[in-house]
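Each chain, letter by letter, is given below.
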Amino acid sequence: MENPAFEYSVSNCDDANLPAEQDYSSTNTSLAPPPNLNRKMSRDTTPHIDNYRTCNSNIEKSSNRPTLTELYDPTDFAAKRQESFEDTATDFTQQDDSKVEKFGWVEGVLIRNMMSLWGVMLFLRLSWVVGQAGIGETLVIIAISTFITLVTALSMSAISTNGEIGGGGTYFVMSRILGPEFGGSIGIIFIIANILDCAINVVGFSSAVKDMMFEYGGVIIVDGDINDIRIIGTASLVFVGAICGLGAQYETKMKDAMFVILLIALSNFLVGSIMGPSSESEAARGFTGYSINLLKENWGPSYTVTDGQMQNFISIFSVYFPSNIGILAGANASGNLKNPNKAIPKGTILAIIICSMSYAGIAIICAATVTRAATGIVEDLQNGTNLICNDTDPCNYGLSYDYQVMALVSAFAPLNYVGCFAATLSSALTDFFSCVALLEVIAADKLYPYWLIGFLGKGYGVSKTPLRAYACTFIIALAFVLIAELDVIALLISNFFLATFALMNFSTFHVSLIKPIGWRPTFKYYNTWLSLLTGILAIAAMMLISIPIAMITIGVVIFFYFVVLYRKPEVNWGSSTQAQTYRIALNSIQQLAHIEEHAKNYRPQILVLTGLPNTRPALVDFAYLICKNNSLMICGNIVKERLTHEMRSNLQQKAYRYLRFTKIKGYFSISDNSDLQTGVAAMLSLSGVGKVKPNILMMGYKNDWATCERNLLDQYVLTIHTGFEMNVAVTILRLKEGLDCSEVLADVDDAILKASNKKTKGKKESLDIPALGNETPQTFTASTDTETQTEISTKDRSFEPDKKKKKAEQNHPFRDTNGKPLPKSVLNNIILFQSKQKKNTIDVWWLSDDGGLTLLLPVIINNRSNWSATKLRVFCTASGVNELEKEHRGMAILLSKFRIDYSDLVIINDADEAPKEKTKKWFNGIIQPLLQPGTNGPLLTKEELEVFQYKTDRYLRLRELLLDHCSDSNLVVMTLPITRKGDFSAPLYMAWLEALTANMPPFMLVRGNQTSVLTFYS
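Anyway, here's the lowdown on the structure attached to this text.

Rules behind the numbers
- Residues numbered from 1 in each chain as written.
- Predicted model: local features only at pLDDT ≥ 70, side-chain atom pairs only at ≥ 80, totals over all residues.
- Heavy atoms only, no water.
- Salt bridge = Lys/Arg side-chain N within 4 Å of Asp/Glu carboxyl O.
- Helix = DSSP H or I, 4+ residues; strand = E, 2+ residues; numbered from the N terminus.
- Buried < 20%, exposed > 50% of the residue type's maximum accessible area, 1.4 Å probe, protein only.
- Contact = heavy atoms within 4.5 Å.
- Patch = residues over 30% accessible without salt bridge, like charges linked within 9 Å, V, L, I, M, F, W, Y side chains within 5 Å.
- Areas by Shrake-Rupley, 256 points an atom, 1.4 Å probe, with all protein chains shown as cover.
- Lys, Arg positive; Asp, Glu negative; His and termini not counted.
- Charge placed at Lys NZ, Arg CZ, Asp CG, Glu CD.
- Phe/Tyr/Trp six-rings, centres within 6.5 Å; stacked < 30°, edge-to-face > 60°.
- Axes fitted to C-alpha atoms, helices over the stretch in contact; angles between N-to-C directions.
- Parallel < 35°, antiparallel > 145°, perpendicular 65-115°, else oblique.
- Left-handed = near helix turned anticlockwise from the far one by under 90°.
- Nonpolar A, V, L, I, M, F, W, Y, C, P; charged D, E, K, R; others polar.
- Disulfide = S-S within 2.5 Å.
- Pairing = 2+ DSSP bridges.
- Right-handed = clockwise from strand over helix to strand, strands pointing away.
- Expected span 1.5 Å × (residues − 1).
- Bend = angle between axes of the 7 residues up to and from the residue.
- Core = buried A, V, L, I, M, F, W, Y, C linked by side-chain atoms within 4.5 Å.

A closer look at the pattern of salt bridges
The full count for this structure, using the stated rule, is 15 salt bridges. Between Asp 672 and Arg 648 there is a salt bridge whose closest N-O contact spans 2.9 Å. In this pair, Asp 672 is assigned in the loop between strand 5 (667-671) and helix 26 (676-686) and Arg 648 in helix 25 (residues 645-661), connecting sequence segments 24 residues apart. For Asp 672, a relative accessible area of 17% gives the class buried. Salt-bridge contacts for Arg 957 lead to Asp 910; the nearest nitrogen and oxygen are separated by 2.7 Å.

In structure tokens form, the structure reads like this:
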């Protein structure tokens, strides 16, 4: 039988899967599907690489793979796939027009890294390092530096081979491993380090030009010293920026030419060392040719004072280490490599080995051919005193004093200068180009505010050249060039690159230790603990080199870390920190599952029936007032109809957008195709995991209980029963004006989306699932907690925020259905539990011992900052006058042991008295309509009222007491009357609740699950 799954499939990058009998590669730029698409096209597709590509940082999109809905529901499938074909054609056109020249591992990584490693330190400082530290310690310095860079390269190779990497090189790798907070800050650090490296190479180039001008022509521009270096450096930096502005291909081609020159210059040095001194002038300057005795003499250290500072091993290391920072040059050009995964490990490791061996070889040659100090005077050479230094004849030449020793040893000195020019300029070109690329990538990721970094990534012209990034790089580099002190810049650059290397190694250590499922690098030659050791070694080296600069470096990292942490950019890179967070959370939940609950560790974990959170903002705020920084909060939405996956996803995204916008740390859950009671039962059973699950069911008061359909009222009361049956506490919140704002509020989701778009400078917000709102509005019925089941439409409503409002008011996106500001009274009711409360009271009517929850919840609320000014009053009942003092004393002791800070304790001894006639008349007015015959008979019967008259009288008496004591309270909390299943009807129960809560301040009824949540034991 023919397999229909392979009848027809299409990829937007490969047309090999098209049927042979059809020609879709005609002159048309679009791919036309076959005429019999509905009949011939299979819903399934074969595995293809394009289905796994990440189209942007937030959304993984497949243009061809069908959704699960398309596979089992063929409705409109052909139309959707037609759109896929059109998108495919567009992709073909865009890909053909966007060809960029790519480089292999030799030209793109090896040569680039070698040119960066063979930089200014090779020609101008290596011989000085040998003179100060001796060949023995110099080899140790080279070995330590090579160890750090080689292990860092191994770590980087492991990360760079764990999937495709884009442009941005080191920043891209580290940000995707450590997450945006650390990744972004390290990106900034690396930009600064590269700018410093560019500056140090430009200064080195300028210094060499200055020396050559003086030696071969006696030319002095200003003072023959630091000001000449500044002038030459500025002109050189302009040249470097211009070359980089032409594009990567020109920069790379220029580096290739310079690489050849550099090889010739190094060969010239080697030949010159074999030939020995060609004149007495060279010999007088300390060049003796190869000598075993000289090598032994130069073996140990001989530190001297340079620029007013006594040198030591650490200071020499800080000067030498910048020679090893070029190992990331190839990785930074990852966007221009044909195969970065293979090119970066191979090119980087080989470049480190070659260049480290060359540094060690050149250091040995210098130690074996040149003395540490020499006067440079030919007469002293003839007298045999050219190696004796004193105040009369100071030594200005030799390894310790002459920075141009390599030119002295070379067979043809001008060629050494040319090699120095090639090394320094090529390194400066690489660093400059890398900085621009990094700035562009970081700006594109939108981790930082537009005014801080984002504006630098704007492209100009057809090629979208980031001119602002070029200008920024030039200005900062120029500032460091004007320092014109090679050793000072070297001190700065060492710390910044050591910080980069440390975090690179920590990245590898962290991800390999956590071992997320996606960690499968093809490069296997790395070690988890060796990466950690190298990271620690790099941090230690930072501190040893300069503690103040190390603190500045760490301060920069921390600053930019907190900038990203504060902004919370909507990016999802699958970082190792996310994997660690999941592992820690999973382990913690598993540990909690095996721990018995204890009253001291009780936390109110609330399932609050809000519907969509933005329709009942006050209820959401009140629940979060209890749960904030304490416990779990889940907003529940019961929907009567069955939802498709798309509808469910839209509702979830809308709810989470609101919670995120209001900075409420909660969850959202939907139960569809069920009534209120069934949906709540399902949520209480399935929400949460282990001990992290709801133990309180919070509902809004049903204001329309007397007029709604009987089955809806029964469902509401049955939901309370369900909470008790499942052994969870039940709370009911009532406000005078009600909680459901869906009829008076515009859809705040529109405002939230507009605010998000404004923050991203008009760019369309990238969301995992489209915003709620389709071309064809879909309306369905949602079950809610406080009102009858209401109609929720997915059609967008118009909303235009008023920019002239005060900042405090702009924090609230609420508007009426016409998009106009809400009346102040309505707005105050909506944001009631966000506002600072006046110095009134929270009144707690602890009528029954429910385990202490009736007392605990108001205590939690009273501890919140915006409720801290309120006083806690506790009301209890006594059976008679004789018991009044005893009850008062006993309750005071209990509250004291619970460490409850209350302002007043009131014992009510007349709660059992008969209510007043006025109160009875008011209550009869409420229940009279319920006694009238309806379609199915009266909702209440006189017989039922008579049976429970004693309960009715008690609740009416409690109402009188509440009106006497609590009319001006900020919040009233009372024990919820228990609903004995089957004893009385839902209308009678709701009438009792109405008697307790009608025309009162914000009122919360609470009934714990009869398990202690308070304890006085330590």
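Quick notes on the environment of Phe 984
Here Phe 984 lies in the loop between strand 13 (971-975) and helix 36 (986-997). Along the sequence, Phe 984 and Phe 948 sit 36 residues apart, while their C-alpha atoms lie 8.3 Å from each other. Those residues in contact with Phe 984, other than ones at most four positions away along the chain, are Glu 944, Phe 948, Ile 978, Thr 979, Tyr 989 and Trp 992.

What to know about a negative patch on the surface
Together, Asp 223, Asp 225, Asp 307 and Glu 485 make up a negatively charged patch on the protein surface. The topology assignment puts Glu 485 in the loop between helix 19 (467-481) and helix 20 (486-514). Glu 485 sits in the partly exposed class, given a relative accessible area of 34%.

Brief notes about the packing of aromatic side chains
Counting across every chain of the model gives 24 aromatic pairs. Arranged with centres 5.9 Å apart and planes meeting at 70°, the rings of Phe 321 and Phe 501 form a pair that is edge-to-face. With a gap of 180 residues between them, Phe 321 in the loop between helix 13 (313-320) and helix 14 (329-332) and Phe 501 in helix 20 connect regions that are remote in the sequence. We classify Phe 321 as buried; its relative accessible area is 0%. On the basis of relative accessible area, Phe 501 is assigned to the buried category, the value being 0%. Aromatic pair Phe 948 and Trp 992: ring centres 6.2 Å apart, planes at 70°, arrangement edge-to-face. Placement of Phe 948 in the loop between helix 34 (942-947) and helix 35 (949-966) and of Trp 992 in helix 36 is noted, with a sequence separation of 44 residues between them.

A word on the packing of helix 26 against helix 27 (residues 710-725)
Two elements in contact, helix 26 and helix 27, have axes whose closest approach is 8 Å; the angle formed by their N-to-C orientations is 25°. In terms of orientation, helix 26 and helix 27 fall into the roughly parallel class. Here the hand of the crossing between helix 26 and helix 27 comes out right-handed. Of the residues in helix 27, those in contact with Leu 676, Gln 677, Val 680, Ala 681 and Leu 684 of helix 26 are Gln 715, Tyr 716, Leu 718, Thr 719, Thr 722 and Gly 723. Residue composition of the contact of helix 26 with helix 27, grouped by class: six nonpolar, five polar and no charged.

Remarks on unusual backbone geometry
For Ala 484, which is not glycine, the phi torsion reads 60° and is therefore positive. By secondary structure assignment, the location of Ala 484 is in the loop between helix 19 and helix 20. A relative accessible area of 6% places Ala 484 in the buried class. The residue Asn 727 is not glycine, and still its phi comes out positive at about 60°. The residue Asn 727 is located in the loop between helix 27 and strand 7 (729-734) in this model. Of the residues examined, Asn 727 reaches a relative accessible area of 47% and is grouped as partly exposed.

Notes on the packing of helix 20 against helix 21 (residues 528-545)
Two quantities define a packed helix pair, namely the angle between the helix axes and the distance between the axes. Running from amino to carboxyl end, helix 20 crosses helix 21 at an angle of 155°, the nearest separation of the two axes being 8 Å. Viewed along their axes, helix 20 and helix 21 adopt a mutual orientation that is roughly antiparallel. Helix 21 is crossed by helix 20, and the crossing has left-handed handedness. Here Leu 491, Ser 494, Asn 495, Leu 498, Ala 499, Ala 502, Asn 505, Thr 508, Phe 509, Ser 512 and Leu 513 of helix 20 lie close against helix 21, whose contacting residues are Thr 528, Trp 529, Ser 531, Leu 532, Thr 534, Gly 535, Ala 538, Ile 539, Ala 541, Met 542 and Ile 545. The residue makeup of the contact of helix 20 with helix 21, split by class, is 13 nonpolar, nine polar and no charged.

Thoughts on the state of the cysteines
Counted by the stated rule, this structure contains zero disulfides. Free of any disulfide, Cys 244 has its nearest neighbouring cysteine sulfur in Cys 198, separated by 7.6 Å. Residue class for Cys 244 comes out buried when judged on its relative accessible area of 0%. Looking at Cys 635, it has no disulfide partner, and the nearest cysteine sulfur is the one in Cys 627, 9.3 Å off.

Describing the pairing of strand 11 (residues 871-877)
One face of the sheet, then the other: side chains in a regular strand alternate in exactly this way. The buried fraction of strand 11 is high, at five of seven residues. Bridging between strand 10 (residues 841-845) and strand 11 involves five bridges; their strand directions are parallel. What sits directly across from Trp 845, in strand 11, is Phe 875. In this region the chain leaves strand 10, passes through helix 31 (residues 853-862) and returns to the parallel neighbour strand 11; the handedness of that crossover is right-handed.

Re the pairing of strand 4 (residues 633-639)
Most of strand 4 sits inside the fold, with seven of its seven residues counted as buried. In strand 4, alternate side chains face the same way, and those of Met 633, Cys 635, Asn 637 and Val 639 on one face and Ile 634, Gly 636 and Ile 638 on the other are all buried. Relative to strand 4, strand 3 (residues 606-609) runs parallel, the two sharing four bridges. Bridging from a neighbouring strand, Val 608 pairs with Cys 635 of strand 4.

Remarks on the environment of Asp 197
Mapping Asp 197 onto the fold places it in helix 8 (residues 180-217). Residue classification places Asp 197 among the buried residues on the basis of a relative accessible area of 5%. A C-alpha to C-alpha distance of 9.6 Å links Asp 197 and Ser 323, two positions 126 residues apart in sequence. When neighbours within four sequence positions are excluded, Asp 197 is seen to be in contact with Ile 325, Asp 431, Ile 493 and Phe 497.

What about helix 33 (residues 917-931)?
Between the first and last C-alpha of helix 33 there are 20 Å, a value that for 15 residues agrees with the 21 Å anticipated at 1.5 Å per step. The sharpest bend along helix 33 comes to roughly 35°, located at Gly 925, with the proline Pro 929 sitting one to four residues further on. When we look at burial in helix 33, the residues that qualify are Thr 919, Phe 923, Ile 926, Ile 927, Leu 930 and Leu 931.

Let's talk about a nonpolar patch on the surface
Together, Phe 147, Leu 533 and Leu 537 make up a nonpolar patch on the protein surface, roughly 230 Å² of accessible area in all. Tracing the backbone shows Leu 533 in helix 21.

Focus: the side chain of Ser 494
You can see Ser 494 is positioned in helix 20. Residue class for Ser 494 comes out buried when judged on its relative accessible area of 0%. If we ignore the near neighbours within four places in the chain, the residues touching Ser 494 are Ser 318, Phe 321, Pro 322 and Ile 545.

Some remarks on the nonpolar core
Considering soluble globular proteins, one finds that nonpolar side chains tend to be buried as a cluster. With 146 residues, the main nonpolar core has Trp 118, Leu 122, Phe 123 and Tyr 448 as its most contacted residues. Per element, the largest residue contribution to this core is 17 residues, and it comes from helix 18 (residues 413-445). With sequence-adjacent residues up to four places away left out, Tyr 448 is seen in contact with Gly 184, Ser 185, Ile 188, Ile 442, Ile 453, Phe 560, Val 563, Val 564 and Arg 567. Residues Val 620, Cys 627, Ile 664 and Ile 831 belong to the second largest nonpolar core, which totals 67 residues.

Description of the side chain of Ser 127
As for its placement among the helices and strands, Ser 127 is situated in helix 6 (residues 126-160). With a relative accessible area of 2%, Ser 127 lands in the buried category. Discounting chain neighbours no more than four positions away, the residues touching Ser 127 are Cys 366, Leu 399, Asp 402, Tyr 403 and Val 405.

Brief notes about a positive patch on the surface
Taken together, the side chains of Lys 568, Lys 628, Lys 663 and Lys 665 define a basic patch exposed on the protein surface. Assignment of secondary structure puts Lys 665 in the loop between helix 25 and strand 5. Judged by its relative accessible area of 64%, Lys 665 falls in the exposed class.

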